[in-house]
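Inside the fold
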Amino acid sequence: MHDDTVTTTDDEEQLVAFVEALNGEYADSLLLIGRILGDRRDATSAAVVGADLAGIDVRLTDPMGDHLVRIDLPEPVGEASQLVYAAMGLLVTARERSGEPGTTSAERVIAEMAGIRTMLTSVVRVVDEHPHLRRITFRGGDLDGFAPLGPDTFLYVLLPPPGRSELTIDRGFSWETVGDMPEADRPVGAYYSVREWRPDTKELDMLFVLHGDEGPASAWAQRAAVGDPVALWGPRTAYAPPPTTTEYVLVVDETGLPAAAAIIESLPPGTPVRVFAEAGPPGERQQLPDRDGVQVTWLDREGAEPGTTSLLEDAVRAAAPPAPTAYVWGGAESRCITAVRRYVRREVGLAREQVSLTGYWRHRDHTDDPYTDEDA
Ligand SMILES: Cc1cc2nc3c(=O)[nH]c(=O)nc-3n(C[C@H](O)[C@H](O)[C@H](O)COP(=O)(O)OP(=O)(O)OC[C@H]3O[C@@H](n4cnc5c(N)ncnc54)[C@H](O)[C@@H]3O)c2cc1C
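In short, a report on the structure.

What counts as what
Residues numbered from 1 in each chain as written. Predicted model: local features only at pLDDT ≥ 70, side-chain atom pairs only at ≥ 80, totals over all residues. Heavy atoms only, no water. Pairing = 2+ DSSP bridges. Helix = DSSP H or I, 4+ residues; strand = E, 2+ residues; numbered from the N terminus. Axes fitted to C-alpha atoms, helices over the stretch in contact; angles between N-to-C directions. Near = heavy atom within 4 Å. Polar contact = N/O pair within 3.5 Å; in protein donor to acceptor, adjacent residues only side chain to side chain. Areas by Shrake-Rupley, 256 points an atom, 1.4 Å probe, with all protein chains shown as cover. Nonpolar A, V, L, I, M, F, W, Y, C, P; charged D, E, K, R; others polar. Contact = heavy atoms within 4.5 Å. Phe/Tyr/Trp six-rings, centres within 6.5 Å; stacked < 30°, edge-to-face > 60°. Buried < 20%, exposed > 50% of the residue type's maximum accessible area, 1.4 Å probe, protein only.

1. What about the sheet that holds strand β11 (residues 247-252)?
Overall, parallel pairing links the five strands, which are arranged β13-β12-β11-β14-β15 in an open sheet. Taken across any chain shown, the strands that pair with only one partner, and hence form the sheet edges, are β13 (294-300) and β15 (355-361). The average undirected angle you get between the axes of adjacent strands in this sheet is 10 degrees. Examined bridge by bridge, strand β14 (residues 326-333) and β15 share six bridges and lie parallel to one another. Bridge pairing in β15 links A332 to G359.

This is the structure we're talking about:
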């Protein structure tokens, strides 16, 4: 972490995560990019002090002092989620130009990402858990070789473009080239968690929140039928509790509940787990496993629109603070989960590796928050 303030209004959460990652876990990769593409080969440290869709502002420190350099992307990206791929491109260029041997942290991730596949499969079952939640089961095709990475394993579900029934991509799908496809052919989709993978039948369940036709993934889930083709890009995981963890605190709305349920099932019975779950009325809640040690606080929105309340932050603040050796994991609307992250990092003082709180979706009104990189 460093003191510089980054302000932007675009894709707040993605930019925060991008800057945090470059200044934190990928600092060695940033230094290579800065030294080579910022033309300060003797620099010994680098910190991103600003980022937008066209490049990053980096403060490089060498024996002569501090230097602020602008490193432009080869071309601006359309949205903050694409910055990661653009930065990978900068890293590859920096490595080539440097002529230096070695591997930085992000280069190791690039190698790992190369292992991510696009699996073609199809729907074999559709079950309504309640009027706003649908369990969709996939089987067959490339899923036969699937293996989850952890209890929060998630995959990007790639779907046919709206109004079409066949996929327009194949196993060779790549995020780098999807922008080159004609717009009418581009797949739509979103990340979804693996609620259950049954290795014996090679069936994979996901729970889709049905939030209307505005979102293409929700619209698809609303109409999903046996035989529908999908592509699944992944798997990925964010859940990584330190081995010293003595208490688990899970903070979720409906989108984080499927992974929270899988996390509870993965822990030995009796493990202290506190769940803070924002949801609709009791008849419209995904059930959580009833296990020894698990204490669930349901937070009823009482008719409020999802993503518009401070229920999660208020409940976490009102409860006993997480133990000094707690692991706090969660997935919910971006602004709601950011408020919780700020509280547990800044006020409770948990270390970065004890906290994995991710914005799983963004309410349409929440696009304009300035942020500081102190949120990490
Ligand atoms: C790692 C990860 C795991 C996830 N796991 C799950 C999961 O298991 N189940 C699940 O249902 N979701 C899950 N999500 C959330 C899901 O990816 C988002 O809700 C996504 O926005 C849905 O895409 P869409 O095409 O339906 O809507 P979008 O096109 O993204 O959004 C369209 C509109 O719908 C609104 N919107 C989006 N999601 C919701 C929602 N849940 N409730 C109300 N309004 C919404 C947006 O604010 C926007 O106004 C996960 C997200 C991540 C990052």
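2. Considerations on the site of the ligand
Around the ligand, the structure places 21 residues, and the nearest of them are Y191, L207, V209, H211 and R362. One nitrogen or oxygen atom from the side chain of H211 is found 2.8 Å from an oxygen atom belonging to the ligand. Here an oxygen atom of the ligand sits 2.9 Å away from a polar atom, N or O, in the main chain of S218. Relative to its unbound accessible surface of 910 Å², the ligand loses 85% to contact with the protein. Listed by contribution, the elements that provide at least two residues to the shell around the ligand are β7 (188-193), β9 (203-209), α6 (216-223) and β15. Among the elements that make up the shell around the ligand, the one with the highest residue count is β7 (four residues). Its residues assigned to classes, the shell around the ligand comprises twelve nonpolar, six polar and three charged.

3. Description of the sheet that holds strand β8 (residues 196-198)
The seven strands lie next to each other as β7-β6-β10-β4-β5-β9-β8, forming an open sheet whose pairing is antiparallel. A single partner strand is all that each edge strand has here, and the edge strands are β7 and β8. Sheet twist, expressed as the average angle between the axes of neighbouring strands with direction ignored, equals 35 degrees. Taken together, the four bridges between strand β6 (residues 154-159) and strand β10 (residues 229-236) define a ladder with antiparallel strand orientation. Residue pairing across strands places Y156 opposite W233, the latter belonging to β10. Sheet contacts for α6: β4 (117-130), β5 (133-139), β6, β7, β9 and β10; angle to β5, the most-contacted strand, approximately 80 degrees.

4. Some remarks on the packing of aromatic side chains
According to the stated counting rule, one finds twelve aromatic pairs in the structure shown. Judged by centre distance (6.5 Å) and plane angle (10 degrees), the rings of F138 and W220 are stacked. With F138 in strand β5 and W220 in helix α6, this residue pair connects regions lying 82 residues apart in the sequence. For F138, a relative accessible area of 0% gives the class buried. Accessibility expressed as a relative area gives 14% for W220, which makes it buried.

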